[in-house]
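Results of the structural survey
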Amino acid sequence: MNSKISDVSNALGNAEELAAQYNRLKLLGARFIQPEFADINGYLRAKISGLEKGLSPSGSGISSILAAVISGDTMALTPFSNFDNGFPKMVAVPDPATAVHWPWQPDMAAVLCDLIMESGEPRPVGPRPIPKKGIAHYEALGITPKATLEYEFYIFQDDAALLDQKRFSELVPFGRTWDFYSVSRSPHFGDLARAFLGRMEDVGIDIDAFHTEYGHGMYEYAHGVADPLTAADAAVRGKLYFKQLCIEHGLFATYMAHPGIRPDNSSSGAHHNVSIWRDGTNLMWDGNGGLTQIARHFAAGVLKSLPDLHLIFRPWVNSYRRM
């Protein structure tokens, strides 16, 4: 075990909790686990490991190229991962609080990981540390932040030949009409929606609703409200697990901002809903249908930060096609 990584795990109190999670998941029938970690794009990547290895306090080695990949797994060199520094290793240290069992695959479990450099320092650019810092900042002010995401996306029949030949306009959407909030769209999405909601409930992720949207094969679901870290974890897990479910049904889902397959279709958004609270009171709502002064300051801060936030919220050329 890397002693520095061991020190990190011990400081986090992970070792005993991971042992407890191992025993719990073992009793549930899990033999394998999916250690999960987000790349710089917020895309959830993973391995499949034996249960004991995947829950080891020393973690498992990950290439820092993860901090340099962009769309299509092409590589953009960064100060943290390049030829000069030899693409140093990172270590994915499992967070025991996120360990879950998959009842739909009884021998499988999953756990989210924090990425640590071999020096023992947190990865300089990492999706999970950012909401942790934000939460700590608000807590120091006596404020509780809350967040949730809503995702719009498209589902198509999986057709390897069309995809390989980039004949995207010929893909068959899962839903021949483009009506929203429809329960009569054909083919009906009910079985898929129930399977997804059930799986999310099994792993402790709250989904408020799943419905059709204004596009051929377009849908949307909304997560329940949580603290920002839990909301972010649920968002990336929900996307991955839904894509995995679609594969099982001979379908594939895309969350890209503008699929561009049919010009009359709507583009997809990812709606971020945020609020701040103190002692159970929403500090953004004045109770009379208006915004509080705090809410106005909050909105001003968002507007001031918006040029930089574009790099995070709109990372692809495709993002601007939606705009």
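Structure first, text after, so check above.
The rules behind the values
Residues numbered from 1 in each chain as written. Predicted model: local features only at pLDDT ≥ 70, side-chain atom pairs only at ≥ 80, totals over all residues. Heavy atoms only, no water. Phe/Tyr/Trp six-rings, centres within 6.5 Å; stacked < 30°, edge-to-face > 60°. Helix = DSSP H or I, 4+ residues; strand = E, 2+ residues; numbered from the N terminus. Buried < 20%, exposed > 50% of the residue type's maximum accessible area, 1.4 Å probe, protein only. Lys NZ or Arg CZ within 6 Å of the ring centre and 35° of its normal. Pairing = 2+ DSSP bridges. Contact = heavy atoms within 4.5 Å. Core = buried A, V, L, I, M, F, W, Y, C linked by side-chain atoms within 4.5 Å.

1. Brief notes about the packing of aromatic side chains
For the coordinates displayed, the defined rule picks out 27 aromatic pairs. Residues Phe180 and Tyr214 carry aromatic rings whose centres are separated by 5.5 Å and whose planes lie at 75° to one another, so their mutual orientation is edge-to-face. Remark: Tyr214 occurs in the loop between β9 (207-212) and β10 (218-223) and Phe180 occurs in the loop between α5 (160-164) and α6 (190-202); sequence separation between them is 34 residues. Using a relative accessible area of 35% as the deciding quantity, one classes Tyr214 as partly exposed. Members of the aromatic cluster, each reached through a chain of ring pairs, are Tyr151, Phe153, Phe174, Phe189, Phe196, Phe210, Tyr219, Tyr221, Phe242 and Tyr255. Above the plane of the ring of Tyr255 lies Lys239, whose end atom (NZ or CZ) is 5.1 Å from the centre.

2. A closer look at the pairing of strand β8 (residues 144-157)
When you tally the buried positions in β8, you get 10 out of 14 residues, the bulk of the element. The pairing of β8 with strand β12 (residues 270-278) spans 8 bridges and is classified as antiparallel. Among the inter-strand pairings, Tyr151 is bridged to a residue of β12, identified as Ala270. As paired elements, β8 and β10 share 5 bridges and run antiparallel to each other. Across the sheet, residue Phe153 finds its bridge partner in β10, namely Tyr219. Examined bridge by bridge, β8 and strand β11 (residues 251-254) share 4 bridges and lie antiparallel to one another. Its bridge partner being in β11, Gln157 is matched across the sheet by Leu251.

3. What about the environment of Ala68?
On the secondary structure map, Ala68 appears in the loop between β4 (60-63) and β5 (89-94). Assessed through its relative accessible area of 0%, Ala68 is described here as buried. When residues no more than four places from it in sequence are discounted, the contact partners of Ala68 are Ile40, Thr74, Met75, Ala76, Thr78 and Ser81.

4. What to know about the nonpolar core
In terms of nonpolar packing, the biggest core is built from 34 residues, with Phe153, Ile155, Phe210 and Phe242 touching the most fellow members. Of all the secondary structure elements, the ones that give two or more residues to this core are β7 (108-117), β8, α6, β9, β10, α7 (228-248) and β11. In terms of residues, this core owes the most to one element, α7, which gives 8 residues. When neighbours within four sequence positions are excluded, Ile155 is seen to be in contact with Pro173, Phe174, Leu192, Gly217, Tyr219, Phe242, Cys246, Leu251, Phe252 and Ala253. Core analysis: the second largest hydrophobic core is formed by 17 residues, Ile33, Phe37, Ala109 and Met117 among them.

5. Details of the pairing of β9
With 5 bridges joining them, β9 and β10 adopt antiparallel strand pairing. Its bridge partner being in β10, Ile207 is matched across the sheet by His223. Between β9 and β10, which follow one another and run antiparallel, lie 5 residues, and Gly217 among them has a positive phi close to 80°.

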